[in-house]
There are 2 protein chains.
Amino acid sequence: VSSLHSRAAKRISESTVRRLSLYLRVLQEASALGLDTISSDELAKRGGTTSAQVRKDLSLFGSFGKRGLGYSVPELLGSIREILGLDRTWRVALVGAGKIGAALFSYRDFQKQGFHIRVVFDSDPSKIGRSWGELVVRPDAEMESALAEQQIDIVVLAVPADVAQSLVDRVVGTGVRAILNFAPVKLRIPDSVALRNVDMALELEGLSFALNSRQ
Amino acid sequence: VSSLHSRAAKRISESTVRRLSLYLRVLQEASALGLDTISSDELAKRGGTTSAQVRKDLSLFGSFGKRGLGYSVPELLGSIREILGLDRTWRVALVGAGKIGAALFSYRDFQKQGFHIRVVFDSDPSKIGRSWGELVVRPDAEMESALAEQQIDIVVLAVPADVAQSLVDRVVGTGVRAILNFAPVKLRIPDSVALRNVDMALELEGLSFALNSRQ
């Protein structure tokens, strides 16, 4: 699977990756229920797509399932975890020790999925030096040295919008290649860096628009 | 603008609405800097798109800007706020008084943008009855009656994945037409209900995939 995966990686769209995550959840649920196999129909139905799409998505990464028998739940679960890079741990730095940062830090599934927060930064003197679990909040001035020293894979940015770009420029400068941004702002980053945004305000505005359009 | 908006609403894509939110932020920034006008080029550059796209998006809602002069910042700001339904307040219920719920509740911008949390529910007896600001956490058994009584527009679902679907079924049953879901699960809802998801785990898996593909 690995070599197919590497070769295919360049043409895998973000929406395909999102569907893989959804299939993963369906499979985890099926596994928890003790199911041995699952059909592409069932996987599609519970993942909110079509069975043709399921087969197309999975075919990008190898040959899974047997005609008429469906997919082996444990095998496909293992393969998707491997494809998504969830069969290992990732070293995460949290920039911003505010409310969102705290919610993230205490989110158990984060750790369970292999995302281990190794260092927390803030610029607020009243937060610096505080204990967060086994960690101590460090001043953001130490960010560059600490990201290298801790061999950080992923930076989670949970800071106000007006400081996000300058922080992300510093993070990118250290060679970090993956950023999860919670600041409600469109960040400029090089193509070589993977960026995902979690933007609650944007989603709320979408709901507000939908409600407004119907009145 | 309103009548154009209503007529156009059905063919407005989710990605157009997302770009409107981004234009809004650029305009808010421009306004804070005291700028009177902004060109479609500048709006595009700072919103991460092209000027042709900016003009196309805005043309769906009316006629804005003057050739060679650009857009009036306060006028376009007002119009986009109106289009997005941000010129009024929305009554919000929070279902789930855990860590994510607490982070949301204390998020000042939420209130500032017109999203007012009117009621909080949980099923955990140790949380029910606690004071959250001026509110008291109520048992989720009271959800149906309270949603109607409080004339709730938007329900924010901040609950574990395994209870999300049954809660959303109950919410939909009360006639609520907009849901913001934080549970890491694909919810099934009728087409008449607007649903947006904030799914941190999905975004993290996307980053993990990106890092994994490059190694």
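From a predicted model like this one, the values you see are computed outputs, not experimental measurements.

A. A look at the packing of aromatic side chains. The tally for this structure, following the rule as stated, stands at 6 aromatic pairs over all chains. With centroids separated by 6.3 Å and ring planes inclined at 90 degrees, the aromatic side chains of F209(A) and F61(B) adopt a geometry described as edge-to-face. You can see F209(A) sitting in helix α10 (residues 200-214) and its partner F61(B) sitting in the loop between α4 (51-59) and β2 (71-72), one on each of two chains. When its relative accessible area of 0% is taken as the criterion, F61(B) is described as buried. Relative to F115(B), the ring of F110(B) has its centre 6.0 Å away and its plane inclined at 45 degrees; by these criteria the two rings are tilted. Positioned above the aromatic ring of W90(A), the side-chain terminus of R88(A) is 3.6 Å from the ring centre.

B. Expanded view of the interface of chain B and chain A. Between chain B and chain A, the residue contacts involve 62 residues of the former and 62 residues of the latter. Buried surface at the junction of chain B and chain A, both sides included, amounts to about 5,800 Å², of which 63% is carbon and sulfur. A salt bridge links R18(B) to E203(A), with the nearest nitrogen and oxygen atoms 2.9 Å apart. Where chain B meets chain A, there are 22 residue pairs in polar contact (both at pLDDT 80 or more). Mapped by element, the contributors of at least two residues to the side of chain B that touches chain A are α2 (14-32), α5 (73-83), α6 (99-105), β9 (178-181), β10 (194-197) and α10 (200-214) of chain B. Examining the composition of the side of chain B that touches chain A, we find that 15 residues originate from one element, α10(B), more than from any other. In terms of residue class, the side of chain B that touches chain A is built from 34 nonpolar, 14 polar and 14 charged.

C. Region of interest: the pairing of strand β4 (residues 115-122) of chain B. Residues and elements named next belong to chain B. Burial runs high along β4: 7 of the 8 residues are buried. Examined bridge by bridge, strand β3 (residues 90-95) and β4 share 6 bridges and lie parallel to one another. Bridge pairing in β4 places V92 opposite I117. Alignment of β4 against strand β7 (residues 138-139), held across 2 bridges, turns out to be parallel. Following the sheet pairing, F121 is matched in β7 by R138.

D. Looking closely at unusual backbone geometry. At Q151(A), a residue that is not glycine, the phi angle is positive and equals roughly 50 degrees. Positionally, Q151(A) belongs in the loop between α8 (143-149) and β8 (154-157).

E. Representation of the pattern of salt bridges. For the coordinates displayed, the defined rule picks out 24 salt bridges over all chains. Among the ionic pairs, D199(B) bridges to R25(A), the shortest N-O distance being 2.6 Å. Residue D199(B) is located in the loop between β10 and α10, and its partner R25(A) is located in helix α2 (residues 14-32); the two belong to separate chains. Residue D199(B) is classed as buried on the basis of its relative accessible area, which comes to 11%. In this structure R25(A) comes out as buried when scored by relative accessible area, which is 13%.

F. Highlighting the packing of α2(A) against α10(B). Between α2(A) and α10(B), the shortest axis-to-axis distance is 9 Å and the interhelical angle comes to 115 degrees. Note on packing geometry: the crossing formed by α2(A) with α10(B) is right-handed. Contacts from V17(A), R18(A), S21(A), L22(A), L24(A) and R25(A) in α2(A) reach A201(B), L202(B), E203(B), E205(B), G206(B) and F209(B) in α10(B). Partitioned by chemical class, the residues of the contact of α2(A) with α10(B) number 6 nonpolar, 2 polar and 4 charged.

G. Fine view of α5(B). Residue and element names in this part refer to chain B. When α5 is considered as a whole, its buried residues turn out to be V73, L76, L77, S79, I80 and I83. Along α5, the residues classed as buried sweep out an arc of 165 degrees about the axis, all on the same side. Across α5 from its buried face, at more than 90 degrees, point the exposed residues P74 and E75. For α5, the N-terminal capping position is held by S72, with its side-chain oxygen 3.2 Å away from the main-chain nitrogen of E75. Looking at the residues trailing α5, positive phi occurs at G85, about 75 degrees.

H. Looking closely at the pairing of β3(B). Residue and element names in this part refer to chain B. In terms of burial, β3 is a largely internal element, 5 of the 6 residues being buried. As paired strands, β3 and strand β8 (residues 154-157) are joined by 4 bridges and run parallel to one another. The residue bridging V95 from the neighbouring strand is L157, located in β8.

I. How the structure looks around the relation of the copies chain B and chain A. Once chain B is rotated about the relating axis by 180 degrees and shifted along it by 0.0 Å, it coincides with chain A to within an RMSD of 0.0 Å. When the rotation and shift are considered jointly, the pair of chain copies conforms to a two-fold rotation axis. Most of the interface of chain B is mirrored in chain A: 100% of its interface residues are interface residues there too.

J. Local environment of the confidence of the model for chain A. Scored by pLDDT, chain A has a mean of 90; 95% of the residues are at 70 or more. For chain A, the element scoring lowest by mean pLDDT is helix α1 (residues 2-8) of chain A, at 47; strand β7 (residues 138-139) of chain A scores highest, at 98.

Quick notes on the rules
- Residues numbered from 1 in each chain as written.
- Chains lettered and ligands numbered in written order.
- Predicted model: local features only at pLDDT ≥ 70, side-chain atom pairs only at ≥ 80, totals over all residues.
- Heavy atoms only, no water.
- Phe/Tyr/Trp six-rings, centres within 6.5 Å; stacked < 30°, edge-to-face > 60°.
- Helix = DSSP H or I, 4+ residues; strand = E, 2+ residues; numbered from the N terminus.
- Buried < 20%, exposed > 50% of the residue type's maximum accessible area, 1.4 Å probe, protein only.
- Lys NZ or Arg CZ within 6 Å of the ring centre and 35° of its normal.
- Contact = heavy atoms within 4.5 Å.
- Buried area = accessible area lost by both parts, 1.4 Å probe.
- Salt bridge = Lys/Arg side-chain N within 4 Å of Asp/Glu carboxyl O.
- Polar contact = N/O pair within 3.5 Å; in protein donor to acceptor, adjacent residues only side chain to side chain.
- Nonpolar A, V, L, I, M, F, W, Y, C, P; charged D, E, K, R; others polar.
- Pairing = 2+ DSSP bridges.
- Axes fitted to C-alpha atoms, helices over the stretch in contact; angles between N-to-C directions.
- Left-handed = near helix turned anticlockwise from the far one by under 90°.
- Arc of directions from axis to C-beta.
- Least-squares fit on C-alpha atoms with pLDDT ≥ 70 in both.
- pLDDT = per-residue confidence, 0-100.

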